[in-house]
Amino acid sequence: MRSVRPLFRFVQCSIPSHGQQRFLRVEKCKDHLRLIDKNDTMDFHYIWLRHNCPDVGKSIHPKTGERIVDCAEIPSTIEPEHVELTDAERKLKVVWSKDHSSFFDIAFLLANAYGKNRLEAPKPQAKVEDIELIYDKTQHETYLKNCYDRLKKFGLVVVRQRGLDTEAIIKDFLPCGASVVETHFGRIEDLRTDNTTNKNNDQLGYTDAAINLHTDQPFIADPPGMQLLQCIRRADTGGSNTLVNAAHSALYLREIDPSAYYLLTNVPVRFHRKQKQFQSVHVGPLIETNGDEIKQIRHSYFTLAPFQFPYWLTVAYYNAYRKFASILYDPQCQYRVQLESGDFVLYDNFKMLHARDSFTGPRHLRGIYFRHTDVWKKLEKFCQRNQGTCQKSQN
């Protein structure tokens with residue numbers, strides 16, 4: 001009963017009354033109709049409206065009151081000729097043709113508003129200037145607040161000229177008593193071709209090869225939430241980094257190809273890392289969701305085990321994977337940065353994919369992992385001192 005009452009109250013307050021009539025308007029969109037009042041929007045596909053047409057004779061049997069139209073008979077491209085609100089905004093009139101119009105009670109639409117307050121996910125637009133900042137040691141707290149703003153809004157921040165003191169940078173993002181996340185590589189990774197400091201360095205990160213877009217550690221149950229890459233020495237040639245917000249890209253995929261999104265969020269795959277002295281397997285979907293929210297992306301082509309789907313599903317999954325990749329690899333969606341000595345990039349490993357170009361010369365980056373909770377705990381106290389600014393950055 002608790003779940004019914006809020007909907008009942010919404011219906012009551014949304015229907016215009018004689019004493020207090022609310023403004024309500026309607027808009028025709030490409031494939032759907034949108035009802036709008038001062039507080040809410042409600043979207044309905046045209047095919048849904050035609051399928052649920054209440055017209056007696058055209059859609060409903062006059063004696064039994066049952067539907068007489070199978071939705072399979074309705075073209076997916078159906079579109080009305082005209083829409084308008086009538087009867088003092090208590091009804092919606094949808095004109096399909098000169099001899100067929102549907103009149104929907106607004107109360108019925110409100111009670112079945114499956115697209116209420118829907119936000120369309122735009123195609124990601126990556127601009128490097130949005131994520132960059134130059135470190136000023138005289139404005140350390142402002143620097144941390146700016147890091148918070150960019151991480152919240154874009155999922156990453158690029159800091160220029162912070163310096164080579166790795167421990168000082170670690171201290172920037174860890175609250176008192178917290179520690180970095182140590183992995184099977186060790187506490188800090190030295191990503192260089194002549195690496196002798198890390199364990200289990202038989203993997204692509206310690207070569208000069210190009211590495212395509214991926215998240216780190218998808219083959220363990222609880223990957224670290226944040227990663228920092230600090231540039232100690234840039235490459236002689238090449239070595240640029242590419243990053244893309246895969247969470248935003250997944251929402252855009254849902255907008256343009258719901259079937260592909262459904263497969264990638266529901267069909268589990270196996271990530272398997274096998275090195276000389278380390279092995280780990282994790283099974284789960286590429287895109288993990290919590291309701292309509294993107295919780296975590298796992299994406300790593302070089303640790304993705306062979307698919308073991310039913311025969312009828314295999315090609316469909318490849319097509320869905322390719323559709324997602326077409327967004328991730330679109331230059332419009334990607335941030336491309338060249339880190340110089342003393343620069344670093346910090347990004348959300350659950351949202352962002354990262355890559356690098358092949359390179360020549362003794363390129364040296366350091367990799368450090370953090371827990372989400374530690375980074376947010378440290379940065380939020382600087383944000384709280386500038387509460388108004390921070391609230392805007394989260395909107």
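Since the model is a prediction, treat every value here as computed from it, not as a measurement.

A.B. asks: Residue-level account of the overall build of the chain, with values.
C.D. replies: Summing up its helical and strand segments, the chain has 11 helices and 23 strands in all. When its C-alpha atoms are laid out on the principal axes, the chain stretches across 85 × 55 × 40 Å. Split into buried and exposed, the 395 residues of the chain put 49% on the buried side. For the chain, the proportion of contacts with a sequence separation of at least 24, taken over those separated by at least 6, is 71%.

A.B. asks: Give a detailed account of the pattern of salt bridges, specifying residues and quantitative values.
C.D. replies: Using the criterion set out here, one finds 20 salt bridges in the structure. As a salt-bridge pair, Asp357 and Arg336 come within 2.7 Å of each other at their nearest N and O atoms. Linking Asp357 in the loop between strand 21 (352-356) and strand 22 (359-360) with Arg336 in strand 19 (residues 334-337), this pair joins segments that are 21 residues apart in sequence. Under the relative-accessibility criterion, Asp357 is labelled partly exposed at 26%. Judged by relative accessible area, which is 43%, Arg336 ranks as partly exposed. Within this structure, Arg34, Asp43, Arg118, Glu120 and Glu255 form a network of salt bridges that share partners.

A.B. asks: If you had to explain the sheet that holds strand 1 (residues 24-28) to someone new, which residues and values would you point to?
C.D. replies: Two orientations exist for strands paired in a sheet by backbone hydrogen bonds: parallel and antiparallel. In spatial order, the strands read 1-2-3-7; together these 4 strands make up an open sheet with antiparallel pairing. Each having just a single partner strand, strand 1 and strand 7 (115-116) make up the two edges of the open sheet.

A.B. asks: I'd like to hear about the UniProt feature "domain: TauD/TfdA-like" (unreviewed entry) in the chain, residue by residue, with values.
C.D. replies: As recorded in UniProt, the feature "domain: TauD/TfdA-like" (unreviewed entry) lies at residues 149-369. Helix makes up 23% of residues 149-369 and strand 33%, with an end-to-end C-alpha separation of 20 Å.

A.B. asks: Describe helix 8 (residues 258-266), and please don't skip the residues or the numbers.
C.D. replies: Within helix 8, the full set of buried residues consists of Ala260, Tyr261, Leu263, Leu264 and Thr265. The inward-facing, buried residues of helix 8 abut helix 7 (246-256), strand 16 (279-285), strand 17 (287-290), strand 18 (293-297) and helix 9 (311-328).

A.B. asks: Describe in detail empty space enclosed by the protein, supporting the description with residues and values.
C.D. replies: Going through the model one piece at a time under the given rule, you end up with 3 cavities of 30 Å³ or more. Approximately 300 Å³ is the volume found for the largest cavity. Its residues assigned to classes, the lining of the largest cavity shows 11 nonpolar, 10 polar and 5 charged.

A.B. asks: An account of the pairing of strand 17 is requested, with residue identities and associated values reported.
C.D. replies: Where strand 17 lies against strand 18, 4 bridges are found, and the strand directions are antiparallel. Residue pairing in the sheet places Asn290 in a bridge with Glu293 of strand 18. Linking two consecutive strands that pair antiparallel, namely strand 17 and strand 18, is a turn of 2 residues; a positive phi of about 70° is found at Gly291 within it.

A.B. asks: Lay out the nonpolar core with the relevant residues and their values.
C.D. replies: With 31 residues, the main nonpolar core has Leu264, Leu286, Ile287, Tyr317 and Phe324 as its most contacted residues. Of all the elements in the fold, those that place two or more residues in this core are helix 7, helix 8, strand 15 (268-274), strand 18, helix 9 and strand 21. It is helix 9 that provides the largest number of residues to this core, a total of 7 residues.

A.B. asks: Run through the pairing of strand 23 (residues 364-370), naming residues and quoting values.
C.D. replies: Among the 7 residues in strand 23, 6 count as buried, and that is most of the element. Across 3 bridges, the pairing between strand 10 (residues 189-191) and strand 23 is antiparallel. Residue pairing in the sheet places Asp190 in a bridge with Arg366 of strand 23. As defined by bridge partners, strand 12 (residues 226-233) adjoins strand 23 across 7 bridges and the pair is classed as antiparallel. Within the sheet, the bridge partner assigned to Gln227 lies in strand 23 and is Tyr369.

A.B. asks: Kindly report on the layout of surface pockets, identifying the contributing residues and their values.
C.D. replies: Once rolled over the atoms, a probe with the size of a water molecule shows which space is left empty. Volume-wise, the largest pocket comes out at about 1700 Å³. If you go around the largest pocket, you meet 47 residues; those closest to its centre are Leu119, Glu120, Ala121, Leu251 and Arg254. Where the lining of the largest pocket is concerned, the elements lending two or more residues are strand 3 (41-45), strand 7, helix 5 (140-154), helix 7, helix 8, strand 18, helix 10 (372-384) and helix 11 (387-394). Ranked by the residues each element gives to the lining of the largest pocket, the list is headed by helix 7, at 6 residues. Class assignment of the residues belonging to the lining of the largest pocket gives a composition of 19 nonpolar, 13 polar and 15 charged. Taken domain by domain, the lining of the largest pocket gets at least three of its residues from each of domain 1 (24-116) and domain 2 (128-387). Together, Lys30, Asp31, His45, Tyr46, Ile47, Ser76, Thr77, Ile78 and Glu79 line the second largest pocket. Looking at the lining of the second largest pocket residue by residue, the classes come out as 3 nonpolar, 3 polar and 3 charged.

Rules of the game
Residues numbered from 1 in each chain as written. Predicted model: local features only at pLDDT ≥ 70, side-chain atom pairs only at ≥ 80, totals over all residues. Heavy atoms only, no water. Helix = DSSP H or I, 4+ residues; strand = E, 2+ residues; numbered from the N terminus. Buried < 20%, exposed > 50% of the residue type's maximum accessible area, 1.4 Å probe, protein only. Contact = heavy atoms within 4.5 Å. Salt bridge = Lys/Arg side-chain N within 4 Å of Asp/Glu carboxyl O. Pairing = 2+ DSSP bridges. UniProt positions renumbered as here; feature names shortened; annotations may be inferred. 1 Å grid on protein atoms, 1.4 Å probe; cavity = no way out; pocket = protein on both sides within 12 Å on 5 of 7 lines; lining within 4 Å. Points joined across faces, edges and corners; volume = space filled by probe spheres on them. Nonpolar A, V, L, I, M, F, W, Y, C, P; charged D, E, K, R; others polar. Core = buried A, V, L, I, M, F, W, Y, C linked by side-chain atoms within 4.5 Å. Domains from an automatic or database assignment.

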